[in-house]
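This is what each chain is made of:
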Amino acid sequence: MAENAFNIRVIGDPGLREPARPVSDEELGSESLRALIDELAEFMRSSQGLGIAAPQVGLKKRLVLMEVRDNPRYPKTPPLPLLALINPSLRPLTEQQERAFEGCLSIPNMRGPVWRTASIAVDFFDAEGQPRSFEFDGPFARIVQHELDHLDGILYFDRIKAEDLKDFGHERALQAAGVDLTLSRATPAAWRDLS
Ligand code: NI
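These notes cover the structure that comes with them. (Residues numbered from 1 in each chain as written. Predicted model: local features only at pLDDT ≥ 70, side-chain atom pairs only at ≥ 80, totals over all residues. Heavy atoms only, no water.)

### Re the coordination of the nickel ion
(1) Moving on: The protein atoms that coordinate the nickel ion are Cys-104 (SG), His-146 (NE2) and His-150 (NE2), at distances spanning 2.1 to 2.3 Å.
(2) Moving on: Here the donor residues of the nickel ion are spaced in sequence according to C-x41-H-x3-H. Here His-146 lies in helix H3 (residues 138–151) and Cys-104 lies in strand E4 (residues 97–104), a separation of 42 residues in the sequence. One exposure class covers both Cys-104 and His-146, and it is buried. (Donors = N, O, S within 2.8 Å, 3.2 Å for Na, K, Ca; no water. Helix = DSSP H or I, 4+ residues; strand = E, 2+ residues; numbered from the N terminus. Buried < 20%, exposed > 50% of the residue type's maximum accessible area, 1.4 Å probe, protein only.)

This is the structure:
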């Protein structure tokens, strides 16, 4: 079944550090790619992720999924329908940066503070192979930047500033210390479909 079809790669796995390849024109919108997206979405839900990038399960494709429903790991993040971002490219829309704690299925049980651009636009192809453009703000912009980094072999851990490394830690300890792990920031989570 879908839950068993994938294994999450964790930090230390060299595959997480390799750049992924673009999805080919032939594969875009294909039945097989859509089936893969469905399976990966199920896997993401069962893992309680808000997003997942194909390299996290050993697939070297420039494919990212995002979805926010009732998620016990991120209870205050508003809903986002399932989005498949294929061959995505990112444009910052502001110079404003925000600091918040991120987690990653590939760095289990840990969270760390990362500075990200507060507002971005993403051009991508959807599951049907259509070109799309979305804007994302706040926590959604953060998730997109985190997931797109995976396509280039970058983990959020790499982006923690030296002075913030002392705040990196196990989610249980951080929670006990009263650290806000909810992704709720000054810029509210929002998205707009520009396509
Ligand atoms: Ni991640």
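### Some details on the pairing of strand E2 (residues 63–68)
(1) Moving on: Extensive coverage of E2 is indicated by the burial of six of its six residues.
(2) Moving on: Burial of E2 is two-sided: the residues Leu-63, Leu-65 and Glu-67 facing one way and the residues Val-64, Met-66 and Val-68 facing the other way are all buried.
(3) Moving on: Taken together, the three bridges between strand E1 (residues 51–53) and E2 define a ladder with antiparallel strand orientation. Note on E2: the bridge partner recorded for Gly-51 is Met-66.
(4) Moving on: For E2 and strand E3 (residues 80–92), the ladder comprises five bridges, and the chain directions are antiparallel. (Pairing = 2+ DSSP bridges.)

### Here we look at H3
(1) Moving on: Between its first and last C-alpha, H3 extends 21 Å over 14 residues, near the 20 Å set by a 1.5 Å rise per residue.
(2) Moving on: Most of H3 sits out of view: 14 of its 14 residues are buried.
(3) Moving on: Positive backbone phi, approximately 75°, marks Gly-153, located one or two places after H3. (Expected span 1.5 Å × (residues − 1).)

### Concerning the packing of aromatic side chains
(1) Moving on: The tally for this structure, following the rule as stated, stands at five aromatic pairs.
(2) Moving on: Where Phe-134 meets Trp-191, the ring centres are 5.5 Å apart and the plane angle is 10°; that geometry is what we call stacked. Placement of Phe-134 in strand E7 (residues 131–137) and of Trp-191 in strand E9 (residues 190–193) is noted, with a sequence separation of 57 residues between them.
(3) Moving on: Here Phe-134 falls in the buried class, since its relative accessible area comes to 3%.
(4) Moving on: One aromatic cluster is present, formed by Phe-124, Phe-134, Phe-136 and Trp-191 through successive ring pairs. (Phe/Tyr/Trp six-rings, centres within 6.5 Å; stacked < 30°, edge-to-face > 60°.)

### With respect to the sheet that holds strand E5 (residues 107–117)
(1) Moving on: On the basis of which strands lie adjacent, the open sheet formed by three strands has the order E4-E5-E8 and antiparallel pairing. Where the open sheet ends on each side, the last strands, each with one partner, are E4 and strand E8 (169–170).
(2) Moving on: The sheet contact formed by E4 and E5 spans seven bridges and is antiparallel. In the strand pairing of E5, Cys-104 is matched with Ile-107.
(3) Moving on: Packing against the sheet, H3 makes contact with E4 and E5, and its axis sits at approximately 55° to E4. (Contact = heavy atoms within 4.5 Å. Axes fitted to C-alpha atoms, helices over the stretch in contact; angles between N-to-C directions.)

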